[in-house]
Amino acid sequence: RMAEDCEGFGIPVLWLPHHHRPGIARNPIREEIRKVGYEGSPQYITRWRPHIEAECQRIGAEFVVNPQRLADVDVVLALRDAKGYAPRFWKSNVKLANAHGSGTPFIGCRESGYIETASGAEYWADNPGELRVALDWLKSQSAREQVADRFISAAYTIEQAARKLREFLDV
């Protein structure tokens, strides 16, 4: 979306999806959801946090912020309090890229960066009710394994990103 918005300025524009962290550990997909994680500043989920914690308590999981490894959580959240144009349409897909790269099931807000790079196995939550439904759908180990397999096959590597950038710069 950002690329589309910037095309009107008459400068070369490249749509370059974010790649996952090189060497990211693969999620082992545990039997149950024990940990739900969020990577980022807690200030961006202030309004979400009570709902997240209530849902984690409901399913018997711990909520962790900035886990050491994404593969240490059973579900990763990419929720955001901000509702303005830039957060909805210009934020990168980095959280989803890392979920893809590690095979960690993902629940996120419907933001352009995520929607444009989705594999079709993501779960979306723009309100607490949708978060509850998504966590319920992901309760099953089999469901999370299917998501992980789809994510791994959709993972966008740093090598792919570098190739696309080189092609753009060579033009």
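Just so we're clear, the structure is a prediction, and the values are computed from it rather than from any experiment.

## What to know about helix H7 (residues 141-154)
Here comes step 1: The terminal C-alpha atoms of H7, which comprises 14 residues, lie 20 Å apart, in line with the 20 Å expected from a rise of 1.5 Å per residue.
Here comes step 2: Taken together, the buried positions of H7 are Ala143, Arg144, Val147, Ala148 and Phe151. Seen from one end, H7 has its buried residues packed into an arc of 135°, which puts them on one side. Exposed residues on H7 whose side chains face more than 90 degrees from its buried face are Gln146 and Ser153.
Here comes step 3: In this structure, the buried side of H7 is in contact with strand S3 (75-78), helix H4 (94-102), strand S4 (106-108), strand S5 (123-124) and helix H6 (128-137).
Here comes step 4: A side-chain oxygen of the first residue of H7 lies 3.2 Å from the backbone nitrogen of Ser142; this N-cap is Ser140.

## Examining the packing of helix H2 (residues 49-59) against H6
Here comes step 1: Contact pair H2 / H6: the axes reach a minimum separation of 10 Å and the direction vectors enclose 30°. Viewed along their axes, H2 and H6 adopt a mutual orientation that is roughly parallel. Crossing handedness for the pair H2 and H6: right-handed. On H6, the residues touching His51, Ile52, Glu55, Arg58 and Ile59 of H2 are Pro128, Leu131, Arg132, Leu135 and Asp136.
Here comes step 2: Considering only residue class, the contact of H2 with H6 consists of five nonpolar, one polar and four charged.

## Observations concerning the layout of surface pockets
Here comes step 1: By volume, the largest pocket amounts to about 240 Å³.
Here comes step 2: Around the largest pocket, the lining is made up of 18 residues, and of these Met2, Trp15, Leu16, Lys91 and Glu116 lie nearest the centre.
Here comes step 3: Counting only elements with at least two residues in the lining of the largest pocket, the list comes to helix H1 (2-6) and helix H5 (112-115).
Here comes step 4: Classifying every residue of the lining of the largest pocket gives nine nonpolar, six polar and three charged.

Cut-offs used in this document
- Residues numbered from 1 in each chain as written.
- Predicted model: local features only at pLDDT ≥ 70, side-chain atom pairs only at ≥ 80, totals over all residues.
- Heavy atoms only, no water.
- Helix = DSSP H or I, 4+ residues; strand = E, 2+ residues; numbered from the N terminus.
- Expected span 1.5 Å × (residues − 1).
- Buried < 20%, exposed > 50% of the residue type's maximum accessible area, 1.4 Å probe, protein only.
- Arc of directions from axis to C-beta.
- Contact = heavy atoms within 4.5 Å.
- Polar contact = N/O pair within 3.5 Å; in protein donor to acceptor, adjacent residues only side chain to side chain.
- Axes fitted to C-alpha atoms, helices over the stretch in contact; angles between N-to-C directions.
- Parallel < 35°, antiparallel > 145°, perpendicular 65-115°, else oblique.
- Left-handed = near helix turned anticlockwise from the far one by under 90°.
- Nonpolar A, V, L, I, M, F, W, Y, C, P; charged D, E, K, R; others polar.
- 1 Å grid on protein atoms, 1.4 Å probe; cavity = no way out; pocket = protein on both sides within 12 Å on 5 of 7 lines; lining within 4 Å.
- Points joined across faces, edges and corners; volume = space filled by probe spheres on them.

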